[in-house]
Structure formats: C-alpha cells, structure tokens
There are 2 protein chains.
Amino acid sequence: MSTALYQHINRFIDLSNDEQEILAPLLKSFSVKKKAFLLEEGQTCRANYFVIKGCLRLYFIDIKGAEQTTQFAIENWWITDLTSFLFQEHSEFYIQAAEATEVIAIEHHHYDEMFHKLPKLERYFRLILQKNHQASQRRIKFLYSQTAEERYRHFNSLFPEFVQRVPQYMLASYLGFTPEFLSKIRAKKI
Amino acid sequence: MSTALYQHINRFIDLSNDEQEILAPLLKSFSVKKKAFLLEEGQTCRANYFVIKGCLRLYFIDIKGAEQTTQFAIENWWITDLTSFLFQEHSEFYIQAAEATEVIAIEHHHYDEMFHKLPKLERYFRLILQKNHQASQRRIKFLYSQTAEERYRHFNSLFPEFVQRVPQYMLASYLGFTPEFLSKIRAKKI
DNA sequence: ATCATTTCTTAAACTACATTAAGTTTTTTG
DNA sequence: CAAAAAACTTAATGTAGTTTAAGAAATGAT
C-alpha cells in the first residue's frame, strides 16, 4: 500500500502506526489504465477515490450528447459522485482516468465502519470537505465573473502545467465552452 | 437561544444537555434586518452563520458591476465565505439578508475551540459539508446541462415557494442570466 | 394615503459563443 | 512503421442570451 495517503492524512491529523494498521484493511489500492472507467452512468458509485498518481475526471453526458467535465482530481485529491456513493443510488456521472492513474479506494461498505473504528478521521474528512467547499465557492465565482476567453487565460496562468496534461476537449468542457472555441482563442495570440 | 440548531445537530449526532451547555457560550444568536449585511467586500468574514428563520444570500459584484448571487441559505442551512472565514482573509463577497432573518453565528475565534471542546461536532460538520458538496455537484451539473430557460423552469418546478420569496433579480443571477431575460421567459407562457 | 424607491417589463440592436462540416495533425495500436 | 483512431483547427453561418433605455408596477416609508 502506498504511503501517500497516510502522509496526506498526517498533514491534517496525527495518525499513529496502530491506527494506520486499522485503516489499511479498509482500503484498496490499484491502477487504472488511461480511459478506463471507475464509474459509468447508470451504475452505483462504489467508492471514494484518492489519487496517488495520475488524473481522474468526473463528467456527464448532456442532452446534446456532449461530455461535460465537472471535476478533475490529480495527486492528493479525493473524487467521487458523492450522492451516488453515500446513498448507493444510480449515478448520472462517469469517472474516467484521464491518464494512467494509481488510486486508493474506500468502498461504501467500509466508509461508515472507518469512522466507527477511527473517529479521528471525522476531522480529516471534515477538513478535506472544507477544502472542497472552498474550491466550489471559488469555481462558481470564476464561472460567473468572466468571459470564456478570460476563464481560459486565467486558468492557464494558474495551472500552465495541468493545461498541458489533459486533452483540450476535456478542458474546454470544464471551463464551460466548446473545443472549437478554445481552438479559436489559442489561435488569436501566441 | 433558539433550539432550532440543537434540533438540527441532533438529526445527525447525539448531543447531550451537558454538551449543549458547553456549546451555548460559543454561539451568538441575533436578528438581521432585510437588506442588512453580515459581510461586505473587503471585510473579513467573522462567522459561519446558521439560518433559524429567513433567508441569507452570498453574492459578489462582477466586472460589469452586476451582483452575482452564488448561494442562498434558508432555514437550517449554514452559510459563509469559507476561505475568508477560515483564514481570516479579505473577502470578495457580500452576505446579505434577503428577508428579515434570525441567525446563529459561530465566530472564528470560537470555531477551533468548539471542535476542541466537542470533538463530536467534527462528525456533525463533516456530514453538513458532505451535504454541501452534494449540493455543489448537483448545481454544477444543473448549470452545465441546461439552457437558461430550462434552468428557470426546472428550478421553479422544484422550489415554487422559494421562487416567490426572493426578488427576481437575485434569482436571475443565481440561475446565471439577466433579470431582463427572466422577464422574457416568464412572459412567454403562463 | 402619498411619495420615493425598488423591482419588473418590453423591445430593438447587438455579440459572445455554438453549430456544422471538412480538413489537418497527433497519438495509439497492431 | 503503417493504418486507424483520437484530437485539434479553420471558417461560414446561426442563435441564445446581453445590453440599453424607457416606462410600468409593486413595495416601503412617513
């Protein structure tokens, strides 16, 4: 089992070796090939996923049949369709590997057990969810306050290396416009 | 002190009377007049607010000078600019009462203290933040998957009573279009 | 009740971005 | 390394939603 998750947890709380050993059997570690799916529309989301290395994305298919990416998760981020995961309902989302990715998964039937055995982790996940909430508030403001071109230039200036990592059509839908329009923007200037 | 918050907490965890008495001095309860502000741009967000009765909204002013509402909070919802609240940074948001509103506030200097004295509340806030995260995932999908008109009709069918409660210009910006366009949509059909 | 303020409506002109479709380049795979 | 598939570009045409501006209606204050 990779130590990346334990290191991440220890950035927020102190988890002893004994506690790590309690946690370990509740986790699964595995690799996902590029373009493989961890979740497809109509299925029930089985786990909450932590990215050790690589990149996952959450997307859905809109009425016109186009993929709309709503979230990316790179190293040290958690990703799931939370409603489907918590209530074991059918999902309207896909979770796909944008790159070959190593993940740690905590499955639904272990999720409550984890908090029962290690109440300390309530705090870790509260802090993670706070970060998620901050990211959501930032994202909504970002989407509402700028034009498509500004959003692209701003995102590109904040995360230039990430922009190179994913196909432009994924990025375009994440930023809220079409791949053709992104092409146009990029052609305008250097 | 209103019991609404304790009732809400007890929907998620068991909080004894003793524990309620530990919590009480960390909270402030007060009324906010319609249109009054709990936070203005440039200020630091002092508290996380729980709505007992009424309605608060979170908004910012975009480049064109227009108000963009990003969140509403009605009865039993928490609202804050989380980044400004947690790190005591200047905010780019306003929090305003859309109606005369009764709130309970937990101020920043009591927030960590609260978790220290009542670690049980880690779980309560983890669960609240999970609900927020679900709401964010739903909201992003909603914004990306429908036209402006569909968003209005869908929202109106889900929350007809809420649509009557707030001015249309607040709703329009929340749904991602102009008040003029909302007027146009409403004129089309009953 | 009356005046002031806020909110809502209407309509014409405008624009940012979508759509369509065809061609080009890059990446993947056997 | 060749063929297929995936990703990207270009350009013409189309449209959902914005802007502007003025008037009408509703709400609030005294």
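Residues numbered from 1 in each chain as written. Chains lettered and ligands numbered in written order. Predicted model: local features only at pLDDT ≥ 70, side-chain atom pairs only at ≥ 80, totals over all residues. Heavy atoms only, no water.

*Asks:* Looking at this structure, how should I read the relation of the copies chain B and chain A?
*Replies:* The relation between the two copies of this chain is a rotation about an axis and a shift parallel to it. In screw terms, the move from chain B to chain A is a rotation of 180° and a rise of 0.0 Å along the axis, fitting with an RMSD of 0.0 Å. Both copies are brought into coincidence by an operation consistent with a two-fold rotation axis. It is B:R126 whose C-alpha, among those of chain B, lies nearest the rotation axis, at 2.2 Å. (Least-squares fit on C-alpha atoms with pLDDT ≥ 70 in both.)

*Asks:* It is not clear to me how the sheet that holds strand β5 (residues 67–73) of chain B should be interpreted in this structure. Could you clarify?
*Replies:* Neighbouring strands of a sheet are bound in pairs by backbone hydrogen bonds; such pairs are parallel or else antiparallel. All names here are of chain B. Strand order in the open sheet formed by four strands is β2-β7-β4-β5, and the pairing between neighbours is antiparallel. Each end of this open sheet is capped by a strand with a single partner; those strands are β2 (37–39) and β5. On average, each strand axis in the sheet is tilted by 30° relative to the strand beside it, whichever way the strands run. As paired elements, strand β4 (residues 56–61) and strand β7 (residues 94–97) share four bridges and run antiparallel to each other. (Pairing = 2+ DSSP bridges. Helix = DSSP H or I, 4+ residues; strand = E, 2+ residues; numbered from the N terminus. Axes fitted to C-alpha atoms, helices over the stretch in contact; angles between N-to-C directions.)

*Asks:* Looking at this structure, how should I read the protein's contact with DNA strand D?
*Replies:* Taken together, 16 residues surround DNA strand D, and among them A:Q168, A:S183, B:K64, B:A148 and B:T178 come closest. Protein-adjacent atoms of DNA strand D, using a 4 Å cutoff, are sugar or phosphate at a proportion of 75%. Between a sugar or linking oxygen of DNA strand D and a side-chain N or O atom of A:K35, the distance comes to 3.3 Å. Between DNA strand D and the protein, one listed contact pairs a phosphate oxygen with a side-chain N or O atom of B:T178 at 3.0 Å. Elements with a contribution of two residues or more to the surface near DNA strand D: α8 (168–175) and α9 (179–188) of chain A together with α9 (179–188) of chain B. Of the residues contributing to the surface near DNA strand D, the split by class is six nonpolar, four polar and six charged. (Near = heavy atom within 4 Å. Polar contact = N/O pair within 3.5 Å; in protein donor to acceptor, adjacent residues only side chain to side chain. Nonpolar A, V, L, I, M, F, W, Y, C, P; charged D, E, K, R; others polar.)

*Asks:* I'm lost on the sheet that holds strand β7 (residues 94–97) of chain A in this one. Help?
*Replies:* Taken in spatial order, the four strands line up as β2-β7-β4-β5 (chain A) in an open sheet, and their pairing is antiparallel. At either end of the open sheet lies a strand with only one pairing partner, and these are β2 (37–39) and β5 (67–73) of chain A. Neighbour-to-neighbour, the strand axes of this sheet turn through a mean angle of 30°, independent of strand direction. Strands in contact with α8(A) are β4 (56–61), β5 and β7 of chain A; relative to β5(A), the strand with the most contacts, it is inclined by about 95°. Lying over the sheet, helix α5 (residues 120–145) of chain B contacts β4 and β5 of chain A, oriented at roughly 50° with respect to β4(A). (Contact = heavy atoms within 4.5 Å.)

*Asks:* Quick question: what am I supposed to make of helix α5 (residues 120–145) of chain A here?
*Replies:* Three- or four-residue spacings in an α-helix give side chains the same orientation, since the helix completes a turn every 3.6 residues. With 26 residues, α5(A) ought to run about 38 Å at 1.5 Å a step, and its terminal C-alpha atoms sit 38 Å apart, in line with that. Burial runs high along α5(A): 21 of the 26 residues are buried. (Expected span 1.5 Å × (residues − 1). Buried < 20%, exposed > 50% of the residue type's maximum accessible area, 1.4 Å probe, protein only.)

*Asks:* What should I look at first to understand the protein's contact with DNA strand C in this one?
*Replies:* Close to DNA strand C lie 16 residues, the nearest being A:K64, A:A148, A:T178, B:Q168 and B:S183. When the atoms of DNA strand C within 4 Å of the protein are sorted by group, sugar and phosphate make up 78%. In this structure, A:T178 approaches DNA strand C through a side-chain N or O atom, which is 3.1 Å from a phosphate oxygen. Within the backbone of B:Y169, a nitrogen or oxygen atom sits 3.2 Å from a phosphate oxygen of DNA strand C. Here the surface near DNA strand C is composed, by residue class, of six nonpolar, four polar and six charged.

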